[in-house]
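# Architecture at a glance
Each chain is listed here by its residues.
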2 protein chains.
Amino acid sequence: MISTRAGPPELLALDWGTTSLRAFLMRDGKIIDTRHSSHGIQHLPEPGTAGFELAFAQIATDWLQKWPQLPVVASGMVGSAQGWREAPYVRCPANAQTLAAHSVCVPSGLGPDVLIAPGVLFDQADQIPDVMRGEEIQIAGALLQKPQWAARSCIVLPGTHSKWVQIESGKIVSFATYLTGELFAVLRKHSILGRLMPVSPEDKAEPDAAAFELGLATARDSGPGDFPHQIFATRTLGLTGRLPHASLADYLSGLLIGHELVSGLAHATKQDDIPLILTGDAALCRRYALSLSYLGQPDCTVLENTAPAGLWDLARAAGLMS
Amino acid sequence: MISTRAGPPELLALDWGTTSLRAFLMRDGKIIDTRHSSHGIQHLPEPGTAGFELAFAQIATDWLQKWPQLPVVASGMVGSAQGWREAPYVRCPANAQTLAAHSVCVPSGLGPDVLIAPGVLFDQADQIPDVMRGEEIQIAGALLQKPQWAARSCIVLPGTHSKWVQIESGKIVSFATYLTGELFAVLRKHSILGRLMPVSPEDKAEPDAAAFELGLATARDSGPGDFPHQIFATRTLGLTGRLPHASLADYLSGLLIGHELVSGLAHATKQDDIPLILTGDAALCRRYALSLSYLGQPDCTVLENTAPAGLWDLARAAGLMS
């Protein structure tokens, strides 16, 4: 139910990724209604532009009939080369103003245009280049929560392609992607490491915390290059009976997250003790926070979904609201 | 053609792996005839024991009709739980005598039994357990070539599951597996890292040596845990146009081999400057030798296939030859 007693909505914000579409009706920076659809950009009802228009119409028609002048903003893979309209990457350093200045417009088919945010590119000589798309909006939302984070902080977004993002003077100055989640999925499904794991894991079974911590400890004690050896333990700990087969996925998960954290912390805290902020999937953020604590880094802040706040900030920076 | 003018053969030696079967007719430690079949243990003409007997008969019947008393030895996956008969792992430290003492016999169906070598297990508390099967025979063969290697050396067997093996007093005392080859195949085929690589790479095209070296250099400069980040460059170096798409596989290969070498060298040369020996696939060994040289380790020895010599050593240790 929409609660619009305080007045009409001021923004329709879309978080549009690969596998899902989330729509937020907002007023004064706050969510007054939320809708969800499975029409991620790889799961559209039709191919091409018509598919985007149809997916948008299905989620937003009645809202726009009621408030036809509502500004609409979007972030995520909807702005990729495979999206509704490509919003090319902007270079670091970047903040909401940079993103707004490089957003692109596409006709929604329902009246208002949709303003689509660009992704961000990190590309400096002698360093590994990197890209993000969607996370930059979550970051803009996170930075609204505490002014001192904007001065200097490290924001971590765990996931299939985890991001470690360095913030200085309110801007994304550099970042690094870790393929942690994808490595876990690919190794479990397609490599010898998944062979001993039960085919039908009991999803409701408690994870084996000791096996997960063994993975973390192995990562903590690793030297450069040790990764391709340490993952083989996912098999040999099972072969030798040191871990039950049902716990091998927990070991692998701990090892992968551990490697990401060891490397991410080393780069993030190179300069000084900067605030560490986790945002994204809540269960995964909790797992990361526990792992950080295990590795001696108990001080981090876990945020709820910051994408709506970031989209609000983008719309404000773009001058879409009076 | 068999050259048996110097006398009849003394041994039929089988190198029987997952994808192929190689048979060597030997005398006085030397090969006098070689045969090859595609009947690896996962490609038998029939399932089960009958399949092994048939594959053996197809490659060896005329030899055994001529020399019915010929002793037969075998190594590799033929001794695994999925093999002809399981030869359970023996623990480190292990040499040819240990292997001979724990070999198992299976009737060949053609007269003589087949003596199958066990694999080797490294299993010490607080260290990652490890297993090998087949490489222990290649190692026995390598150690015959130079007596001082037996005193102390490190033998590297590059491949899908590379092995770094520490030798002391003629025995395998410890070893570590690196999933280098499997990681390359799985990441290229099943992860986002393969997306930009050409679908039909021109196999005859020269590899991009500069891209390969960029991968090596990235691995050389890595800190603990950096691997899941550095592999993402396989995508971003293509996205940003820093590398042509056809060179991305070379970068990934250099990165993976580099990680293995950085870690392997750190553990192998912890004590002192021990001899480093490469054995296995000739092209891959050359690639490893060049990479070692790039990483400042030019002194290594590359050996041809040492499995036949190792099988000879096993048969001698088992007392199969007069």
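Not measured: the values here are computed from a predicted model. Residue positions are given per chain, counting from 1 as you read along its sequence in written order. Just so you know, chain letters begin at A and ligand numbers begin at 1, following the order they were written in. Whole-chain, interface and lining totals are the exception, using all residues; otherwise, since this is a predicted model, local features are given only for residues with pLDDT of at least 70 and side-chain atom pairs are given and counted only at 80 or more.

Helix and strand definitions here come from DSSP, where helices need a minimum of 4 consecutive H or I residues and strands a minimum of 2 consecutive E residues; each element is numbered from the N-terminal end. Scanning chain A from terminus to terminus reveals 11 helices and 14 strands. In this treatment the radius of gyration is a C-alpha quantity, and the globule benchmark scales as 2.2 Å times the residue count to the 0.38 power. Against the 2.2 N^0.38 benchmark of 20 Å for 322 residues, chain A shows a C-alpha radius of gyration of 21 Å, consistent with a compact globule. With respect to the principal axes defined by its C-alpha atoms, chain A has extents near 65 × 45 × 40 Å. Comment: burial labels come from other C-beta atoms within 10 Å of the residue's own C-beta, placed from the backbone, where a count of 20 or more is buried, 12 or fewer is exposed, and between is partly exposed. Expressed as a percentage of its 322 residues, the buried residues of chain A come to 48%. With C-beta atoms placed from the backbone, a contact is any residue pair whose C-beta atoms sit within 7 Å. Within chain A, counting contacts between residues at least 6 apart in sequence, those at least 24 apart form 64% of the total.

Before going further, it helps to examine the relation of the copies chain A and chain B. Residues below a pLDDT of 70 in either copy are left out; the C-alpha atoms of the rest, at least 70 in both, set the least-squares superposition of the copies. Turning chain A through 180° and shifting it by 0.0 Å along the axis lays it on chain B, with an RMSD of 0.1 Å. As the rotation angle and translation indicate, the two copies are arranged about a two-fold axis. If distances are taken from each C-alpha of chain A to the rotation axis, the shortest is found for Pro224 of chain A, at 2.2 Å. Looking at chain A, 100% of its interface residues are interface residues in chain B too, so the copies touch through the same face.

Moving on, we get to the sheet that holds strand β5 (residues 90-91) of chain B. Residues and elements named next belong to chain B. Only when DSSP finds a minimum of two bridges between them are two strands counted as paired. On the basis of which strands lie adjacent, the open sheet formed by 3 strands has the order β5-β8-β9 and mixed pairing. Lying at the two open borders of the sheet, with one neighbouring strand each, are β5 and β9 (130-132). Pairing geometry for strand β8 (residues 120-122) and β9, over 3 bridges, is antiparallel. Counterpart to Val120 in the pairing with β9 is Met132.

By secondary structure assignment, the location of Val78 of chain A is in the loop between β4 (72-75) and β5 (90-91). We classify Val78 of chain A as buried; it has 29 C-beta atoms within 10 Å.

Here a nonpolar core is just a set of buried residues of the types Ala, Val, Leu, Ile, Met, Phe, Trp, Tyr and Cys, joined wherever their C-beta atoms sit within 7 Å. With 190 residues, the main nonpolar core has Val73 and Leu314 of chain A together with Val73 and Leu314 of chain B as its most contacted residues. If we skip the residues at most four places from it in the chain, Leu314 of chain A touches Val73, Ala96, Leu99, Ala100, Ala117, Ile137 and Ala140 of chain A.

Another point: the pairing of strand β3 (residues 30-37) of chain A. Residues and elements named next belong to chain A. The pairing of strand β2 (residues 21-27) with β3 spans 7 bridges and is classified as antiparallel. Opposite Ala23, over in β3, you have Arg35 as the bridge partner. Linking β2 back to β3 in an antiparallel pair, the connection comprises 2 residues, with Asp28 at a positive phi of about 55°.

All names here are of chain A. Geometrically, the link from Cys92 to Pro93 is a cis peptide bond, its omega value of -5° lying close to zero. Within the secondary structure, Pro93 is located in the loop between β5 and α2 (96-101). Within the chain, Asp126 stands out as a residue other than glycine whose phi angle is a positive 70°. The topology assignment puts Asp126 in the loop between β8 (120-122) and β9 (130-132).

Right, let's talk about the sheet that holds strand β10 (residues 152-157) of chain A for a bit. All names here are of chain A. The strand order across the open sheet formed by 5 strands is β12-β11-β10-β13-β14, and the pairing between neighbours is mixed. Here the strands that pair on one side only, and so sit at the sheet edges, are β12 (171-178) and β14 (301-303). Here the average twist between neighbouring strands, direction ignored, is 25°. Two elements, strand β13 (residues 276-279) and β14, share 3 bridges in a ladder whose sense is parallel. Looking at β14, one finds that Leu278 is bridged to Val302. Against the sheet, helix α9 (residues 248-268) contacts β10, β11 (162-168), β12 and β13, and its axis sits at roughly 10° relative to β11. Each of β10, β13 and β14 is contacted by helix α10 (residues 282-294), which is oriented at about 150° to β13, the strand it contacts most. The axes are straight lines fitted to the C-alpha atoms, using for helices just the contacting stretch, and the angles between their N-to-C directions are given from 0 to 180°.

What follows is about helix α11 (residues 307-317) of chain A. Residues and elements named next belong to chain A. With 9 of 11 residues buried, α11 lies mostly within the body of the structure. Along α11, the residues classified as buried are Ala307, Pro308, Ala309, Gly310, Leu311, Trp312, Asp313, Leu314 and Ala315. Packing partners of the buried residues in α11 comprise β1 (11-16), β2, β3, β4, α2 and α3 (135-143). Looking one or two places after α11, you find Gly319, whose phi comes out positive at around 75°.

All names here are of chain B. In contact at an axis separation of 7 Å, helix α3 (residues 135-143) and helix α11 (residues 307-317) are set at 90° when each is read in the N-to-C sense. Overall, the two elements α3 and α11 adopt an arrangement that is roughly perpendicular. Taken together, the residues of α11 that come into contact with α3 (itself represented by Ile137, Gln138, Ile139, Ala140 and Gly141) are Ala307, Pro308, Ala309, Gly310, Leu311, Asp313 and Leu314. Three residue categories are used. Nonpolar comprises Ala, Val, Leu, Ile, Met, Phe, Trp, Tyr, Cys and Pro, charged comprises Asp, Glu, Lys and Arg, and polar comprises the others, including Gly. Class assignment of the residues belonging to the contact of α3 with α11 gives a composition of 8 nonpolar, 3 polar and 1 charged. Any angle that is under 35 degrees is reported as roughly parallel, and any over 145 degrees as roughly antiparallel; angles of 65 to 115 degrees are reported as roughly perpendicular and all others as oblique.

Bringing the interface of chain A and chain B into the picture now. Contact residues are listed per partner, giving 40 residues for chain A and 40 residues for chain B. Among the elements that line the side of chain A that touches chain B, the one with the most residues is α9 of chain A, at 6 residues. Within the side of chain A that touches chain B, the residues separate by chemical class into 21 nonpolar, 13 polar and 6 charged.

To continue, consider the confidence of the model for chain A. Within a predicted model, pLDDT stands for the predictor's per-residue confidence, ranging from 0 to 100. On average, residues of chain A carry a pLDDT of 94, and 95% of them reach 70 or more. Interface confidence for the predicted complex, expressed as ipTM, amounts to 0.93; the pTM equals 0.94.

Moving on, we come to the domain arrangement of chain A. Under the domain assignment used here, chain A contains domain 1 (11-139 + 310-317) and domain 2 (178-303). Where each domain starts and ends comes from a domain assignment, either automatic or drawn from a database. Between the C-alpha centres of domain 1 of chain A and domain 2 of chain A the distance comes to 32 Å.

Residue and element names in this part refer to chain B. Looking at the element boundaries, Trp63 is found in helix α1 (residues 48-66). C-alpha of Trp63 to C-alpha of Leu12: the two residues are 51 residues apart in sequence and 8.8 Å apart in space. Every residue in contact with Trp63, bar those within four places of it in the chain, is listed here: Leu12, Leu25 and Leu70.

Residue and element names in this part refer to chain B. Tracing the chain through its elements places Ser38 in the loop between β3 (30-37) and α1. C-beta crowding within 10 Å serves as the criterion here: with 11 such atoms nearby, Ser38 is assigned to the exposed category. In the structure, Ser38 is positioned 20 residues away from Thr18 in sequence and 9.5 Å away in space, judged by C-alpha atoms.

Our focus in this paragraph is α9 of chain A. Any helix carries an expected span of 1.5 Å times its number of residues minus one. Along its 21 residues, α9 of chain A runs 30 Å from first to last C-alpha, staying within 8% of the 30 Å computed at 1.5 Å per residue. Of all 21 residues that make up α9 of chain A, 17 are buried, and the element is covered over most of its length.

All names here are of chain A. Sheet analysis places β4 next to strand β7 (residues 113-116), joined by 3 bridges and oriented parallel. Each residue of the ladder has a partner; that of Val73, found in β7, is Leu115. The pairing of strand β6 (residues 104-107) with β7 spans 4 bridges and is antiparallel. Bridge pairing in β7 links Val106 to Val114. Where β6 folds back onto β7 in an antiparallel hairpin, the turn is made up of 5 residues, including Gly109, whose phi is positive at roughly 90°.

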